[in-house]
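Descriptive structure summary
As a plain string of letters, each chain reads:
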Amino acid sequence: MFPSSPTGLTTRELIERYDAHAPRYTSYPTAAQFTPAVGAGDWGRWLEVVDPDRAVSLYLHIPFCKRLCWYCGCNTRAVNRESVITSYVDLLLREADLVVARMGRRPRVGSIHFGGGTPNMLPPAELERLHAGLASRFDLTDCFEVAAELDPEVLTEDWIEAAGRIGLSRASLGVQDLSPEVQAAVNRPERFETIQWAVAALREQGVTSINLDLMYGLPLQTIEHVVSTLGLVTTLSPERIALFGYAHVPWMKSHQKLIRDEDLPGAETRFAQSQAATRYLTGKGWRAIGLDHFALPHDSLAAADRAGRLHRNFQGYTTDAAEVLIGLGASAISHAPGGYAQNHTVERDWRAAVERGELPIARGVALTGRDAFIGEIIARLMCDFAVDVPAIARKRGRDESEVAGAWPLLRRFRRDGLVQVEEGRVQITPLGRPFVRAVCAAFDPDAARIQQRHARVV
């Protein structure tokens, strides 16, 4: 059962009070705060001072799909010509050359993540060519993980075998919902048998961690649809399950206008769906991780959560502790101690910049000491549901007064039993966990100004 509020508020009243627009806080500052004031020169300078003794992470964005799902919030497009993909791989490697040239050495890489879009739109030979190109430019000797986001409906045996040859160790399969009526409402037909085959084939090729992406809050979706989908996918024993709330932002993603507003479940129904899914998964043995992830006890994500070593980046919750993330490809976001830098989101602009021999940065944000202080507070709340603000202030040499504005905002959270506050330590209660993004926003001085650019908390 969902905990009750000490002030007697019903679930509906809690939602009405705290279901504001807020970032997902996969970074701080958020991407909504990036500006063109940060460009290729800034990213180049940050690359030049990266610690050579520490491994970096690579993220490669593949902005191609076989089909366009109406719920999608990613930077992608439907492509049918292989030549477009081949030339894109060429430019990914040219961008890698530009990065390595600025770093002045062959950087060590700890992990590689292929995201999208649909990375398995890469023909098998192109996947292997891309990986070989990375191996010739970066030192992959200590690479502990190669991960990819996959669409099961366009996954082939040849692709999985090629993935096995490059050392794919973690795969994330998009499932969302297995109910035909919900799939039709978001233009994503998918059969359970296809997912079942994909999971078995990936494991046979050495993939040791399978993640399934599910969603709640989709058009025409009910609690029964969510639980029925879980009943099927849990028979596959995926090491991880991500359960995301659908973010309806048609003002940012025009294809979402194809989804009828009247088909979308309301906030209270969405909340009930997420809570029913949490009860089901935890009852079956998956450990709840942060806001929207679940992992079996033996998985590395669960181990990191138990040890207090959970991290969060643009791919969600992760065990990756690298302080430098190098993003390659259109719209990819990079991170270094100096700040965040995002490539051109329009593919033709990214291609043109790389062809000119320029780092294809369109915007970003330089990190101040205050940003890093607030960012760590928000990261700990998102990962641990708890934070010791004075301890972080001491560690970073900051003055606690820099977040003084948060405490008055937290009073109502405290009064309604969503948080406990004692001597600068904030603990989010079980009642407050679904509203963690709203709690984080109390520490974010820009949250109110940019709130309409984000989805609602519930």
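What you see is a predicted model; the values in this text were computed from it and never measured. Residue numbers run consecutively from 1 along every chain, following the written order of its sequence. In view of the model being predicted, local features appear only for residues whose pLDDT reaches at least 70, and side-chain atom pairs are presented and counted only at 80 or more, with totals across whole chains, interfaces and linings using the full set of residues. To obtain the side-chain values, all non-hydrogen atoms of the structure were used and water was disregarded.

**So, the environment of Asn211**
Note the following rule: Helix and strand definitions follow DSSP, with helices as H or I runs of at least four residues and strands as E runs of at least two, each counted in order from the N terminus. Only protein chains enter the calculation, and the probe is 1.4 Å; a residue is then buried if its accessible area is under 20% of its type maximum, exposed if over 50%, and partly exposed in between. By definition, residues are in contact when any of their heavy atoms lie within 4.5 Å.
Along the chain, the position of Asn211 falls in strand S7 (residues 209-216). A relative accessible area of 6% means that Asn211 is categorised as buried. Sequence separation of Asn211 and Asn120 is 91 residues, and the distance between their C-alpha atoms is 16 Å. Leaving out residues up to four positions away in the same chain, Asn211 has contacts with Ala171, Ser172, Leu173, Arg240, Ile241 and Ala242.

**Structural notes on the side chain of Arg240**
Summarising the element assignment, Arg240 is placed in strand S8 (residues 240-245). Here Arg240 is in contact with Arg170, Ser209, Ile210, Asn211, Leu212, Phe294, Ala295, Asp299, Ser300, Leu301 and Thr319, once residues within four sequence places are set aside.

**Description of the state of the cysteines**
For clarity, the cut-off: In what follows, a disulfide is any cysteine sulfur pair within 2.5 Å.
Scanning the entire structure with this criterion turns up 0 disulfides. Distance from the sulfur of Cys72, which forms no disulfide, to the nearest cysteine sulfur (Cys74) is 3.9 Å. Cys383 forms no disulfide, and the closest cysteine sulfur to it belongs to Cys440, at a distance of 9.4 Å. For Cys383, a relative accessible area of 2% corresponds to the buried category.

**Details of the packing of aromatic side chains**
Heads up, the rule is: Working definition: a ring pair exists when centres of Phe, Tyr or Trp rings (six-membered ring for Trp) sit within 6.5 Å. Plane angles under 30 degrees give stacked, over 60 give edge-to-face, the rest tilted. The criterion for a charge sitting over a ring is simple: Lys NZ or Arg CZ within 6 Å of the ring centre, and within 35 degrees of the ring normal.
Summed over all chains, the structure comprises 8 aromatic pairs. Positioned over the ring face of Tyr317 is Arg312, at 4.5 Å from the centre of the ring.

**Focus on the packing of helix H1 (residues 11-18) against helix H9 (residues 267-283)**
Stated formally: In this analysis an axis means a line fitted to C-alpha atoms, helices contributing only their contacting stretch, and an angle means the value between N-to-C directions, from 0 to 180 degrees. For this classification, under 35 degrees means roughly parallel, over 145 means roughly antiparallel, 65 to 115 means roughly perpendicular, and everything else is oblique. By convention the crossing between two helices is left-handed if the near helix lies anticlockwise of the far one by an angle smaller than a right angle, and right-handed if it lies clockwise. All amino acids are sorted into three groups, where Ala, Val, Leu, Ile, Met, Phe, Trp, Tyr, Cys and Pro are nonpolar, Asp, Glu, Lys and Arg are charged, and the leftover types, Gly among them, are polar.
Relative orientation of the contacting elements H1 and H9 amounts to 110°, with a least axis distance of 10 Å. It follows from the interaxial angle that H1 and H9 lie roughly perpendicular. In this structure, the crossing between H1 and H9 has a hand that is right-handed. Packed against H1, whose contacting residues are Thr11, Arg12 and Ile15, the element H9 presents Ala267, Glu268 and Phe271 at the interface. Of the residues assigned to the contact of H1 with H9, the class counts are 3 nonpolar, 1 polar and 2 charged.

**Here's the deal with the pairing of strand S5 (residues 145-150)**
Quick reminder of the rule: The criterion for strand pairing is that DSSP finds at least two bridges linking the strands in question. We call a crossover right-handed when, viewed with both strands directed away from the observer, the connection leading from the first strand over the helix to the second proceeds clockwise.
Of all 6 residues making up S5, 5 are buried, and the element is well covered by its neighbours. Strand direction decides the pairing type here: strand S4 (residues 109-116) and S5, joined by 4 bridges, are parallel. Its bridge partner lying in S5, His113 is registered against Ala147. Each parallel crossover has a hand, and for S4 linked through helix H4 (residues 124-137) to S5 it is right-handed. Bridge count between S5 and strand S6 (residues 170-176): 4 bridges; the pairing is parallel.

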